[in-house]
Amino acid sequence: MIYATGAEYLASQQKRVLLFGMSGLGKTHLSAMLRDSRPDSGGWFHYSVDYRIGTRYMNEFIADNFKREAMKVPLLRELLMTDSVYIASNITFDNLAPLSTYLGKPGDPAKGGLPFAEYMIRQEQHRKAEVSAMLDTAHFISRADTIYGYQNFVCDTSGSICEVVEANDADDPVMRQLSQSLLLVWIKGSDDHTAELVRRFDRAPKPMYYQPGFLHAAWEEYRVTHDKSEETCDPDHFVRWTYARALAHRQPRYAAMAGWGVTVTAQEVAMVTDTDAFNMLIARAIDRR
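The residue count restarts for each chain, going from 1 along the sequence in the order it is written. Totals for whole chains, interfaces and linings use all residues, but because this is a predicted model, local features are given only for residues with pLDDT of at least 70 and pairs of side-chain atoms are given and counted only at 80 or more. Processing note: side-chain calculations cover all non-hydrogen atoms of the structure and skip hydrogens and water entirely.

Q: Please explain unusual backbone geometry as it appears in this structure.
A: Leaving glycine out, the prevailing phi sign among residues is negative, and the prevailing peptide bond configuration is trans. At aspartate 83, a residue that is not glycine, the phi angle is positive and equals roughly 55°. Residue placement: aspartate 83 occurs in the loop between helix H5 (74–81) and helix H6 (97–103). Only protein chains enter the calculation, and the probe is 1.4 Å; a residue is then buried if its accessible area is under 20% of its type maximum, exposed if over 50%, and partly exposed in between. What makes aspartate 83 exposed here is its relative accessible area of 70%. Positioned with a positive phi, aspartate 227 is a non-glycine residue whose angle comes to about 55°. Relative to the assigned elements, aspartate 227 resides in the loop between helix H12 (212–225) and helix H13 (235–258). Helix and strand definitions follow DSSP, with helices as H or I runs of at least four residues and strands as E runs of at least two, each counted in order from the N terminus.

Q: Would you explain the pattern of salt bridges in this entry?
A: Opposite charge on two side chains permits them to pair, given that their charged atoms come into close proximity. In what follows, salt bridge is the name for a side-chain nitrogen of Lys or Arg lying within 4 Å of a carboxyl oxygen of Asp or Glu. Applying the stated criterion to the full structure yields 15 salt bridges. Across the pair aspartate 36 and arginine 35 runs a salt bridge whose closest N-O atoms are separated by 3.5 Å. Here the residues in one salt-bridge network are Glu196, Arg199 and Arg203, joined through shared partners.

Q: Got a minute to help me understand helix H7 (residues 116–135) in this structure?
A: Since the α-helix packs 3.6 residues into each turn, any two residues three or four apart lie on the same face. Multiplying 1.5 Å by the helix residue count minus one yields the expected span of that helix. The terminal C-alpha atoms of H7, which comprises 20 residues, lie 29 Å apart, in line with the 28 Å expected from a rise of 1.5 Å per residue. Listed as buried for H7 are Phe116, Tyr119, Met120, Arg122, Gln123, Gln125, His126, Ala129, Glu130, Val131, Ala133 and Met134.

Q: Got a minute to help me understand empty space enclosed by the protein in this structure?
A: In this approach, a probe sized like a water molecule rolls over the atoms, and the result shows the empty space that is left. Lining residues are defined by having an atom within 4 Å of a point belonging to a cavity or pocket. Those points lie on a 1 Å grid over the protein atoms alone, cavities being sets where a 1.4 Å probe fits but cannot get out and pockets being open sets with protein on both sides within 12 Å along at least five of seven lines. Grid points are joined across faces, edges and corners, and a volume is the space filled by probe spheres set on the points. All chains considered together, the criterion is met by two cavities of 30 Å³ or more. If you add up the space inside the largest cavity, you get close to 50 Å³. As for the largest cavity, its lining consists of Gln14, Arg16, Ile141, Ala144, Asp145, Tyr150, Gln151, Asn152 and Phe153. Mapped by element, the contributors of at least two residues to the lining of the largest cavity are helix H8 (137–146) and strand E3 (152–156). Tallying contributions element by element places H8 first for the lining of the largest cavity, with three residues. In terms of residue class, the lining of the largest cavity is built from four nonpolar, three polar and two charged. For this classification, Asp, Glu, Lys and Arg are treated as charged, while Ala, Val, Leu, Ile, Met, Phe, Trp, Tyr, Cys and Pro are nonpolar and the rest, including Gly, are polar.

Q: What exactly am I supposed to notice about helix H3 (residues 49–57) here?
A: Among all positions in H3, only Val49, Asp50, Arg52, Ile53 and Gly54 are buried. Only heavy atoms matter for contacts: two residues are in contact if any of them lie within 4.5 Å across the pair. Buried residues belonging to H3 abut strand E2 (44–48), helix H4 (59–70), H6, H7, H8 and E3.

What follows is the structure in structure tokens.
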């Protein structure tokens with residue numbers, strides 16, 4: 001770890017932290033709080049991996065998908081063919097809908113579903129994009145300091161980070177680079193948090209990235225147990241059914257990642273209201289490791 005003790009972390013003039021864990025447990029909330037903290041705390045640069053994925057590595061895929069849909073409308077087709085209109089996504093830290101919409105869900109095309117083969121192509125595009133965005137972290141640490149003068153840096157990872165690394169491999173290139181550049185912090189949820197995340201997802205299911213082996217197995221099991229073909233599968237029902245299984249699948253992978261850093265609980269994170277409280281939480285996590 002880049003900080004041996006809590007005291008060393010607190011004394012550091014360049015605090016570098018990476019937050020990871022299930023979506024919905026506070027990664028982006030904490031990152032935004034640090035980003036908006038008072039200048040005399042040294043200032044924090046907020047590097048959002050999802051934002052980087054959507055604006056740098058998936059941007060062309062997303063825009064081309066919009067254009068394919070626009071080409072189906074005669075008026076828009078004419079305007080596009082004459083370069084009279086410009087179509088682009090408007091991804092922000094708080095609105096990643098264009099990225100989620102592009103990833104899509106497999107199943108019945110009448111319900112917005114994609115052919116499973118196309119769905120898996122987009123999943124692989126996301127995997128490559130996420131790995132690249134994670135490997136960009138060290139570059140952004142340097143940029144944040146040398147261009148913008150930020151002393152501190154927080155990396156707000158995607159919930160799917162555990163799907164694109166092999167934390168049990170000491171030579172995993174992403175884990176090695178991240179652990180040498182930042183302090184990795186797992187925000188660990190309880191069973192109650194997991195149940196609430198499932199309920200929240202059930203109300204508004206959204207596309208996500210999963211490992212291909214997990215997805216293929218889930219797709220086969222779902223269609224057998226629900227007696228569905230690819231064309232009759234309800235896309236929303238499939239991703240709802242898959243999500244709870246995905247949380248169980250991800251938990252040991254997050255735990256393996258935690259071996260490279262420290263762990264805090266979602267309950268502890270919920271008590272953090274300012275930068276000082278955040279720094280004390282991280283210092284305690286280092287000392288109790």
